[in-house]
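# Structural description and commentary
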Amino acid sequence: MESVKKPRRVQYRCKRCQKTDRKGRLMAHIFKHHVPFDQAPFSCSLCSFRCQTQQHLIDHITKYAPHVKEAKARGVTDLRRYLIRSENPYTVSEADIERL
Ligand SMILES: [Zn+2]
Ligand SMILES: [Zn+2]
């Protein structure tokens, strides 16, 4: 044996589609692929961006150049008006994954 085997990282499996990956990546996968758009805790009304924290969404809206430009063109100074908060949010948790 020439190559030294690295210890395997702990893998998790998505309970909905059997995909396996590292925990953080899998949580992101579930959020992206299995959470309905209107159940994302926060989403952007200008594009299909969605995320789980308000701060993350504000960062998106205020730093994504096309949005900043559009808001400016419309005379909008408070970009938070483009922020959508779901009334029925779904938060990805460890219950959605299983450790292998
Ligand atoms: Zn999945
Ligand atoms: Zn957006």
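Because the structure is predicted, anything quoted here is derived from the model rather than measured. (Residues numbered from 1 in each chain as written. Chains lettered and ligands numbered in written order. Predicted model: local features only at pLDDT ≥ 70, side-chain atom pairs only at ≥ 80, totals over all residues.)

Taking burial as the measure, the 10 residues of helix H3 (residues 65-74) include one buried ones, a minor fraction of the element. One or two positions beyond H3, positive phi appears at Gly75, with a value near 80°. (Buried ≥ 20, exposed ≤ 12 C-beta atoms within 10 Å, placed from the backbone. Helix = DSSP H or I, 4+ residues; strand = E, 2+ residues; numbered from the N terminus.)

Glancing now at the nonpolar core. Ala40, Phe42, Cys44, Leu57, Ile61, Leu79 and Tyr82 form the largest nonpolar core, which has seven residues in total. Those elements that place two or more of their residues in this core are strand E3 (42-44) and helix H2 (54-63). Those residues within four positions of Cys44 in sequence are excluded, and the remaining contacts are Phe49, Leu57, His60, Ile61 and Tyr82. (Core = buried A, V, L, I, M, F, W, Y, C linked by C-beta atoms within 7 Å. Contact = placed C-beta atoms within 7 Å.)

Looking only at H2, the buried set comprises Leu57, His60 and Ile61. What you see down the axis of H2 is that its buried residues fit within an arc of 90°, all on one side. Exposed residues pointing more than 90 degrees away from the buried face of H2 are listed as Gln55, Asp59 and Lys63. Where H2 is buried, its residues touch E3, strand E4 (50-51), H3 and strand E5 (83-85). (Arc of directions from axis to C-beta.)

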